[in-house]
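# Tertiary structure, described
The residues making up each chain are set out below.
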Amino acid sequence: MTPVPPRKNADLGTRAVVGVALIAVAAAALWFGDFAFWLLVTLGALAMIHEWGGLHGADAGQRKLAQYALMVPLAIMSPWAAGPSFLALGLIFAAFFFLAIVTRRGPLGAGAIYVGLPVLALLYLRGHDGGLLLAFWAMALVWACDIGAYFAGRAIGGPKLMSTVSPNKTWAGLVGGVIAATGFALLLTLWGLPVTLALATPLLAVLAQAGDLYESHLKRRAGVKDSGTVLPGHGGVLDRLDGLVPVAPIAALLVVIQGY
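First things first, this report covers the structure right here in the doc. Here the residue numbers are simple positions, counted from 1 along each chain's written sequence. Per-residue local features are limited, in this predicted model, to residues with pLDDT of at least 70; the limit for side-chain atom pairs, both in listing and counting, is 80 or more; totals at the level of whole chains, interfaces and linings are taken over all residues. Computation of side-chain values covers all heavy atoms of the structure but excludes hydrogens and water.

## As for unusual backbone geometry
Trans peptide bonds make up the majority, and among non-glycine residues the majority have a negative phi. Quick note on the threshold: Elements are defined by DSSP. Helices are runs of H or I of four residues or more, strands are runs of E of two residues or more, and each kind is numbered from the N terminus. Relative accessibility decides the category of a residue: with a 1.4 Å probe and only protein chains considered, values under 20% of the type maximum give buried, values over 50% give exposed, and everything between is partly exposed.
The residue Asp 34 is not glycine, and still its phi comes out positive at about 45°. Assignment of secondary structure puts Asp 34 in helix α2 (residues 34–55). By relative accessible area, Asp 34 is classed as exposed at 61%. A positive phi is found at Arg 104, a non-glycine position, where the angle reads about 60°. Along the chain, the position of Arg 104 falls in the loop between α4 (86–103) and α5 (106–127). By relative accessible area, Arg 104 is classed as exposed at 78%.

The following block contains the structure:
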């Protein structure tokens, strides 16, 4: 076996350390809930829409305007205001129309929805009865999927999933990610996660990888390797949370439909 160059080992080490730190911070904020969790997702959302603007060719002023516009629904979702409500949902779409009209960049406006809906969903889940477990499930299944996909892809390899978009992703990685996420969700049923949500996890795992592929498409179109540089070894915040973007709203919808 050809040894891995030292540089790659160093990058992998940095990536692992930062990844563990990010999970620890997210888990702590999730545990405390209320203001701590709202603050974390708000900071993440502001970073994400800034990076989203960069991927769509927005200049610095337009990216800052997008952050200001998104701050309105984010503020409404705080524990001191209306929280994750229909009012916040309406303001997310209002931010979309405002940005699309003022900047004449529809895709930049769409970033308010792309970023705002997952925030609304996560805050809804955390504020729900049994919300600690529900929000942890939605977030952790994405983490498990990423880890499973990474190791299955490296160990098995094989046919590429979508080489024109992301040359490193394989079908083996997709299957490994789905298995890891599903196994983790089934484990959570021992702590009270409804079985129906655990059984829906394979679909959510596929959505997580679809979200990853979509962001890879945006980066390839923009001609960049990462959405940002704020996270050593990982790139931007959007690079880390792209899988959670489609998962969180669907997870919240499933909770609503099931009446939990």
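What follows continues from the structure just given.
## Brief notes about the packing of aromatic side chains
Geometrically, a pair of aromatic rings is defined through the distance of the ring centres and the angle of the planes. For clarity, the threshold we go by: When the centres of two rings from Phe, Tyr and Trp lie within 6.5 Å, Trp using its six-membered ring, the rings pair. Their planes under 30 degrees apart give stacked, over 60 give edge-to-face, and anything left gives tilted.
Taken as a whole and assessed by the stated rule, the structure comprises 8 aromatic pairs. Counting every residue linked through ring pairs, the aromatic cluster contains Phe 35, Trp 38 and Trp 80.

## Notes on a nonpolar patch on the surface
Spelled out, the test is: Think of a patch as exposed residues, more than 30% relative accessible area, with no salt bridge, where like charges cluster within 9 Å and nonpolar side chains (Val, Leu, Ile, Met, Phe, Trp, Tyr) cluster within 5 Å. Accessibility throughout is a Shrake-Rupley quantity obtained with a 1.4 Å probe, and a residue counts as covered only by protein chains that appear here. The salt bridge criterion pairs a side-chain nitrogen of Lys or Arg with a carboxyl oxygen of Asp or Glu, the two atoms within 4 Å.
On the surface, Phe 93, Phe 97, Phe 98, Ile 101 and Val 102 cluster together into a nonpolar patch covering about 500 Å² of accessible area. You can see Phe 98 is positioned in helix α4. On the basis of relative accessible area, Phe 98 is assigned to the partly exposed category, the value being 38%.

## Brief notes about the nonpolar core
What counts, and what does not: We define a nonpolar core as any set of buried Ala, Val, Leu, Ile, Met, Phe, Trp, Tyr and Cys residues linked to one another through side-chain atoms lying within 4.5 Å. Contacts are residue-level and defined by heavy atoms, with any inter-residue pair within 4.5 Å sufficient.
Membership of the largest hydrophobic core comes to 65 residues, with the highest contact counts inside it found for Phe 37, Met 77, Leu 125, Trp 137 and Leu 193. Considering every element that reaches this core, the biggest residue donor is α5, with 10 residues. Setting aside residues no more than four positions away along its own chain, Phe 37 makes contact with Ala 29, Leu 30, Leu 122, Leu 123, Arg 126 and Met 139.

## Quick notes on the environment of Ala 82
Along the polypeptide, Ala 82 turns up in the loop between α3 (60–76) and α4. Of the residues examined, Ala 82 reaches a relative accessible area of 44% and is grouped as partly exposed.

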